[in-house]
Amino acid sequence: MSNLLVGVDVSLKSHHVHFMKEDGVSVADFSVSNDQSGADTLIKRMLEAAEKSQATQLKVGMEATDQFSWHLAHYLKDQLKGYEPRFQSFIYTLNARKVARFKKGYDSLPKNDRIDAWVIADHLRFGRLPNEMKDAVQYEALQRLTRTRFHFMKEIGRNKTYFLNQLFLKFSGLRQDNPFSNRFGVTSLAVIEELEPETIAEMSIEELVDFLQDKGKNRFENPEEIAKYLQKLARSSYRLEKAMQDPVNLSLSVTLSTIQHMESQVKRLDKEIAKLMKGIPQTLTSVKGIGNVFAAGLIAEIGDVKRFKDHHSLAKYAGLVWSQYQSGEYESDETSRMRTGNKYLRYYLIQAADSIRKRDSEYKAFYNKKYQEVPKHKHKRALVLTARKLVRLVYSLLSTNQLYTPPERRE
């Protein structure tokens, strides 16, 4: 069977297309608009070129640029089904980083849409391609929600860091050493929003205790100790000039409002994720620590687990693999994690691992062991290695559809 290789460089308003034969000879090079009529033009020209070159297979490749390639890839997949078995079609969404590395194999190629489309077509010709795109709308619908949640959680983290850095201007001591277990808890935020360091320093212990107990709803075991420590921090803190007080307070208030609004939107997403998860059979939630959100994040990115031959390939897809450095008789003991893979899947694996290790004795023991092995970056390293261990379990549960048995119940 001969192939017509179609490289598509996608962009917001138009796509640049390059047709190539199996021997590397270029057949056509043109642009189409990024809309349905442009996609119809592309299909028509593909079929004409395939018939002219007597090709029986159409291989179409484009970089996985999320929104800009989504409509085209799915439209081609749907429309080209009508021309089977005369023409077999295969749609590939390629990793942009891998395409860029493939391009580096050529010497001094310029950067433009025409060349990029040619490189993609040539990449198809050389092979070593990912699995062809499958119809998986239920996973992609879930993916819209879990990826949006990922985006909001990252933004919340960035805004919290910005808020705490602004806090140093207002109350440097509280930024350096917060006496509350949760910096963004109700009582901690009440202190930040309603009191100035000077006010805290001048208040009596009784007044400050009453304030803390009121905001904390009498949940503090030792409110006097907290009050005394808070006063100590207030007295040792820098004093902010009056001209700066209102702008800093407004900056803190606006940033906090943004954080709280985004957290409310995350709750909306979580509710919708839970609804979609009711229609997806899975056993991941049988693991204590994996709820609907983490299970959804994993399933949305993995899709059909049969795409992966084993847990090693799934770990590689997630970017939880470590490079090797070996030459002759020497092999380095210290290697770094490869900076590749699906960042969304890696995020949900690490978040799930952090939750599971607090509830499951096997994962807790593994985390503690890895935590004690090194002097630096203990938590981060132990958590990533625990996530790698979790990959094996996730692969097994999705492959067998069996419930998880915790260590305490195993014979």
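Section: a negative patch on the surface
Then, number 1: On the surface, Glu206, Glu207, Asp210, Asp214, Glu224 and Glu225 cluster together into a patch of negative charge.
Then, number 2: Secondary-structure elements contributing two or more residues to the negative patch are α9 (205-215) and α10 (223-236).
Then, number 3: In terms of residue count, α9 provides more of the negative patch than any other element does, four residues in total.
Then, number 4: By secondary structure assignment, the location of Asp214 is in helix α9.

Some details on the sheet that holds strand β2 (residues 14-20)
Then, number 1: Ordered by their spatial adjacency, five strands build an open sheet running β3-β2-β1-β4-β5, and the pairing between neighbours is mixed. Either end of the sheet is taken by a strand with one partner, and the two such strands are β3 (26-33) and β5 (88-94). Averaged over all pairs of adjacent strands, the angle between their axes in this sheet comes to 20°, without regard to strand direction.
Then, number 2: Pairing of strand β1 (residues 3-9) with β2 involves five bridges; the strand directions are antiparallel.

Focus: the pattern of salt bridges
For side chains bearing opposite charge, pairing can occur when the charged atoms are close.
Then, number 1: A full pass over the atoms with the stated rule returns 18 salt bridges.
Then, number 2: In this structure, the salt-bridge partner of Arg86 is Glu51, at a minimum N-O distance of 3.1 Å. Linking Arg86 in the loop between α2 (67-80) and β5 with Glu51 in helix α1 (residues 36-52), this pair joins segments that are 35 residues apart in sequence.
Then, number 3: With a shortest N-O distance of 3.5 Å, Glu373 and Lys370 are connected by a salt bridge.
Then, number 4: Salt bridges sharing common partners tie together Lys77, Glu132 and Lys134.

Examining the packing of aromatic side chains
Then, number 1: Using the criterion set out here, one finds 12 aromatic pairs in the structure.
Then, number 2: Ring geometry for Phe168 against Tyr238: centres 6.4 Å apart, planes inclined by 65°, an arrangement best described as edge-to-face. Here Phe168, found in helix α5 (residues 137-170), pairs with Tyr238, found in the loop between α10 and α11 (242-277); they are 70 residues apart in sequence, far enough to count as distant.
Then, number 3: Among the residues examined, Tyr238 registers a relative accessible area of 59% and is labelled exposed.
Then, number 4: Taking 6.1 Å as the distance between ring centres and 50° as the angle between the ring planes, the aromatic pair formed by Phe180 and Phe220 counts as tilted. Here the residue Phe180 occupies a position in the loop between α6 (172-176) and α7 (186-194), and Phe220 occupies one in the loop between α9 and α10, the gap between them amounting to 40 residues.
Then, number 5: One Lys or Arg, Arg45, reaches over the ring of Phe30 and ends 3.8 Å from the middle of that ring.

Topic: the pairing of β5
Then, number 1: Counting buried residues in β5 gives five out of seven residues, a clear majority hidden from the surface.
Then, number 2: Two strands pair when backbone bridges link them, and strand β4 (residues 57-63) and β5 are joined in this way by seven bridges, in the parallel orientation. Within β5, the position partnered with Met62 by the bridge is Thr93.

Examining a positive patch on the surface
Then, number 1: On the surface, Arg97, Lys98, Arg101, Lys104 and Lys316 cluster together into a patch of positive charge.
Then, number 2: Per-element accounting of the positive patch gives the leading share, three residues, to helix α3 (residues 96-103).
Then, number 3: Mapping Lys98 onto the fold places it in helix α3.
Then, number 4: Owing to a relative accessible area of 55%, Lys98 belongs among the exposed residues under this scheme.

With respect to the pairing of β2
Then, number 1: By the criterion of burial, β2 is predominantly enclosed, with six of the seven residues buried.
Then, number 2: As paired strands, β2 and β3 are joined by seven bridges and run antiparallel to one another. Paired with Phe19 across the strands is Ala28, a residue of β3.
Then, number 3: Here β2 folds back onto β3 in antiparallel fashion, the turn holding five residues, of which Gly24 has a positive phi close to 90°.

Things to note about the packing of α9 against α10
Then, number 1: Remark: α9 packs on α10, axes separated minimally by 9 Å, with the N-to-C direction vectors making an angle of 115°. Considered as vectors, α9 and α10 are oriented roughly perpendicular to each other. Once α9 is placed against α10, the crossing between them reads as right-handed. Contacts between α9 and α10 involve Ile205, Leu208, Val209, Leu212 and Gln213 from the former and Pro223, Glu224, Ile226, Ala227, Lys228, Leu230 and Gln231 from the latter.
Then, number 2: Taken together, the residues of the contact of α9 with α10 sort by class into eight nonpolar, two polar and two charged.

About the cut-offs
- All residue numbers here refer to positions counted from 1 along the written sequence of the relevant chain.
- Where totals are concerned, whole chains, interfaces and linings use all residues; where local detail is concerned, this predicted model gives features only for residues with pLDDT of at least 70, and gives and counts side-chain atom pairs only at 80 or more.
- Hydrogen atoms and water are omitted, and side-chain values are computed over all heavy atoms in the structure.
- Candidate patch residues must exceed 30% relative accessible area and have no salt bridge, after which like charges are joined if within 9 Å and Val, Leu, Ile, Met, Phe, Trp or Tyr side chains if within 5 Å.
- In this description, accessible areas are obtained by the Shrake-Rupley approach with a 1.4 Å probe, and a residue is regarded as covered only by the protein chains that are shown.
- A carboxyl oxygen of Asp or Glu within 4 Å of a side-chain nitrogen of Lys or Arg is what we treat as a salt bridge.
- Note that His is not counted, nor are the chain ends; the positive residues are Lys and Arg, and the negative ones are Asp and Glu.
- Throughout, a charge is located at the NZ atom of Lys, the CZ atom of Arg, the CG atom of Asp or the CD atom of Glu.
- Segments assigned H or I by DSSP are reported as helices when at least four residues long, segments assigned E as strands when at least two residues long, and all are numbered from the N terminus.
- By the convention used here, strands pair only if DSSP detects at least 2 bridges between them.
- Helix axes use the C-alpha atoms of the stretch in contact, all axes being lines fitted to C-alpha atoms, and the angles between their N-to-C directions lie in the range 0 to 180 degrees.
- Here a pair means two rings of Phe, Tyr or Trp (six-membered ring of Trp) with centres within 6.5 Å. Their orientation is stacked below 30 degrees between planes, edge-to-face above 60, and tilted elsewhere.
- Each residue's exposure class comes from its accessible area (1.4 Å probe, protein chains only) as a fraction of the maximum for that residue type: buried when under 20%, exposed when over 50%, partly exposed otherwise.
- A positively charged side chain is recorded as over a ring if its NZ (Lys) or CZ (Arg) lies within 6 Å of the ring centre. The angle to the ring normal must also be within 35 degrees.
- Note on terminology: angles under 35 degrees are roughly parallel, angles over 145 are roughly antiparallel, angles of 65 to 115 are roughly perpendicular, and the others are oblique.
- Throughout, a crossing is termed right-handed when the near helix is turned clockwise from the far one, and left-handed when it is turned anticlockwise from it by less than a right angle.
- Whether two residues are in contact is decided by their heavy atoms: any pair within 4.5 Å suffices.
- In this count, Pro and Cys sit with the nonpolar residues alongside Ala, Val, Leu, Ile, Met, Phe, Trp and Tyr, while Asp, Glu, Lys and Arg are called charged and the others, Gly among them, polar.

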